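# Examining the three-dimensional arrangement
Here's the letter readout for the chains.
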Amino acid sequence: MKNITKYQGKKVLVIGFGISGINAAHLLVKLGANVTANDMKTPDDPTVVDGLKQDGIEVITGSNPLILADEGFDYVVKNPGIPYDNELVAKFVGKGTPIITEAELGAEIFEGHLVSVTGSNGKTTTTTLTQLMLAKSSNHKVEYAGNIGVSMTKVAETLGADDTLVTELSSFQLLGAPTIHPHIAIIANIFSNHLDYHKTRENYINAKLNITRNQTKDDYLIINWDRDEWQELSRRSQATIVPFSRLNKSQEGAYVQDSDIYWRGEKIMPTKDIRLIGPQNVENALAAIAAAKLSGVSNEDIISVLTTFGGVRHRLQYVLDYEGRRFYNDSKSTDIEATEVALQGFEQPVILLAGGLDRGYTFERLVPYFKKHVKAIIVFGQCKDKMADAARQAGIPIILESQDAITAVPQAWELSQPGDVILLSPANASWDQFPSFEVRGDRFIEAVEKLTGEKEKK
């Protein structure tokens, strides 16, 4: 861990008791800060508060007292999900108090080789593939952390100057990471996500581009080259640009040509040998390959990872086969783009389970994918009528309504025949019926296991 002194003797307020917030608070104490921790809710587990207090941290729960903004804090470390128009946070914004996220702290104390991944879709798979490839060929530690569900500060504390940290970073985290400086940065793609938080697409893009803001020509930005917009965004970086392209729009980095993957003219492997299915996972593999080759990983190690890695939970995750039907859990598909790419991964007839939180948009964009891939659809959640309307436009012959993604499972089974795929790919957030996409996906898997009497394949 790098010894930094900027927080020594400073008053720091940590807002939010998530894993990242708790770890950030404890780390700040080690760095010599005077820490106050605040959360709107009182944790159900009393040991959380007790542990903070035992470390000399003042704890305030049950509200975000606005008076905190007048108590002279030098820094605020906030949970990434708390918006900047939160009343307390907005007061600090108005005062010009530096507001950072735990990702910034993790990057500040980390002294090794930093690889960072962002994107609207595919971040977790790309991060995992990259970490596996680098770890396979390294004699030093290679860990992952960040938005992937592992606290960045916690991991960074355990790593030294020769180690590598591969971080998944969301736009929320990057917005509060003004000094982050990865040697290798990856932008998998940028669509239109989280506009309720960022307000405009340009704000969202700017947050994503923080991943490369501090890079120089001695660093690398690996970026998807398959859309003109993303090519243009690369001009806003000072890093050395390394493109990847599934559509063979560039051969300067990792790309696909005639169904084979290449790195700068050197053939790596056929795309059909990648265990993960779908075009989006070819793109994830290309991004990871670029990072791996820049880091000196051999083709053999790259191939070993791509032919054995079965996927990240809830991200087009293969669950099991039963009586000729194959079940997939793609609960992480919380937007239209993710469901588009999921459907493109299947040649078999698909029975689609879709729906969820109504964010105000309709689903006409899915019509051509419905026409090509979907034999039946079961809709649920707040947006079920809009989803059913798109299905009717596509001419899907069977459109059923269900209570949720769980009750849809036996309905899908009744409609299915051997050779079919039963796919949960909702194209919507889960919050109308479930606390998270993870819970939705777990409940779906439980329903599949109950129906089939089988266990998911690990």
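Above: the structure in question.
The helix and strand tally for the chain stands at 17 helices and 20 strands. Against the globule reference of 23 Å for 458 residues, the chain gives a C-alpha radius of gyration of 23 Å, in line with a compact fold. Structurally, the chain occupies a C-alpha span of about 65 × 50 × 40 Å along its principal axes. Across the 458 residues that make up the chain, the buried fraction comes to 55%.

With that settled, consider the nonpolar core. Core analysis: the biggest nonpolar cluster contains 51 residues, and Tyr7, Leu28, Met152 and Leu165 have the highest contact counts within it. Beyond its immediate stretch of four places on either side in the chain, Leu28 contacts Tyr7, Val12, Val14, Ala33, Val35, Val77 and Leu105.

Pairing between sheet strands relies on hydrogen bonds along the backbone, with the strands arranged either parallel or antiparallel. Here six strands make up an open sheet; going across it, the order is β15-β16-β20-β17-β18-β19 and the pairing mixed. Taken across any chain shown, the strands that pair with only one partner, and hence form the sheet edges, are β15 (317-322) and β19 (398-401). Put simply, the sheet's adjacent strands are angled 20° from each other on average, direction ignored. Strand direction decides the pairing type here: strand β17 (residues 350-355) and strand β20 (residues 421-424), joined by four bridges, are parallel. Residue pairing in the sheet places Ile351 in a bridge with Ile422 of β20.

In this structure, Asp330 sits in the loop between β16 (325-329) and α13 (336-344). Despite its burial, Asp330 remains without a salt bridge, the nearest opposite charge being carried by Arg315 at 7.7 Å. Within the structure, the side chain of Asp330 is placed 2.7 Å from the backbone nitrogen of Leu316, a separation counted as a polar contact. A polar atom in the side chain of Asp330 sits 2.9 Å from the side chain of Ser425.

Attention now goes to helix α12 (residues 299-308). Buried within α12 we find Asn299, Asp301, Ile302, Val305 and Leu306. Projection of α12 onto a plane perpendicular to its axis shows the buried side chains occupying an angular sector of 165°, all on one side.

Counted according to the given criterion, the structure contains 20 salt bridges. Glu401 is the salt-bridge partner of Lys384, the closest N and O atoms lying 2.7 Å from each other. Within this pair, whereas Lys384 is found in helix α15 (residues 384-394), its partner Glu401 is found in strand β19, the two being separated by 17 residues in sequence. The exposure class assigned to Glu401 is partly exposed, which follows from its relative accessible area of 48%. Among the charged side chains, a network of salt bridges with common partners joins Arg313, Asp442 and Glu456.

A few words now on the environment of Lys272. Tracing the chain through its elements places Lys272 in the loop between β14 (266-270) and α11 (279-294). Sequence separation of Lys272 and Ser259 is 13 residues, and the distance between their C-alpha atoms is 7.6 Å.

Glancing now at α13. The buried fraction of α13 is high, at seven of nine residues. Burial in α13 covers these residues: Ile336, Glu337, Ala338, Thr339, Glu340, Ala342 and Leu343. The N-cap residue of α13 is Asp335: its side-chain oxygen and the backbone nitrogen of Glu337 are 3.3 Å apart.

On to the pairing of strand β4 (residues 75-78), then. Burial of the side chains of β4 extends over both faces: Tyr75 and Val77 are buried on one face and Val76 and Lys78 on the other. By the bridge criterion, four bridges tie strand β1 (residues 11-15) to β4 in an arrangement that is parallel. Within β4, the residue paired with Ile15 across the bridge is Lys78. As paired elements, β4 and strand β5 (residues 99-100) share two bridges and run parallel to each other. Note that in β5 the partner of Val77 across the bridge is Ile100. Since β4 and β5 lie parallel, the crossover through helix α3 (residues 87-95) that links them has a hand, and here it is right-handed.

Thresholds applied
Per chain, residues are indexed from 1 in the order of the written sequence. With pLDDT at 70 or above as the cut-off, local features in this predicted model cover only qualifying residues; side-chain atom pairs require 80 or more to be listed or tallied, and sums for whole chains, interfaces and linings still use all residues. Heavy atoms from the whole structure form the basis of all side-chain values; hydrogens and water molecules are not counted. The numbering of helices and of strands both runs from the N terminus, where a helix is a DSSP run of H or I of at least 4 residues and a strand a run of E of at least 2. The quantity called the radius of gyration is restricted to C-alpha atoms. Its globule counterpart is 2.2 Å times the number of residues to the power 0.38. Relative accessibility under 20% of the residue-type maximum defines a buried residue, over 50% an exposed one, and the middle range a partly exposed one, all with a 1.4 Å probe and only protein chains included. By nonpolar core is meant a set of buried Ala, Val, Leu, Ile, Met, Phe, Trp, Tyr and Cys residues that side-chain atoms within 4.5 Å join together. Contact definition: two residues touch when any of their heavy atoms are within 4.5 Å. At least two bridges found by DSSP between two strands are what make those strands a pair. Here the axes come from fitting lines to C-alpha atoms, over the contacting stretch only for helices, and the angles between their N-to-C directions go from 0 to 180 degrees. Counted as positive: Lys and Arg. Counted as negative: Asp and Glu. His and the chain ends are not counted at all. Note on definitions: salt bridges are taken to be side-chain nitrogens of Lys or Arg within 4 Å of carboxyl oxygens of Asp or Glu. Within 3.5 Å is the distance limit for a polar contact, defined as a pair of N or O atoms, with the added protein rule that one can donate a hydrogen and the other accept it, and that residues adjacent in sequence qualify only through two side-chain atoms. When we speak of the arc, we mean the arc of directions from the helix axis to the C-beta atoms. By convention, a crossover is right-handed whenever its connection, traced from the first strand over the helix to the second and viewed with the strands pointing away, goes clockwise.

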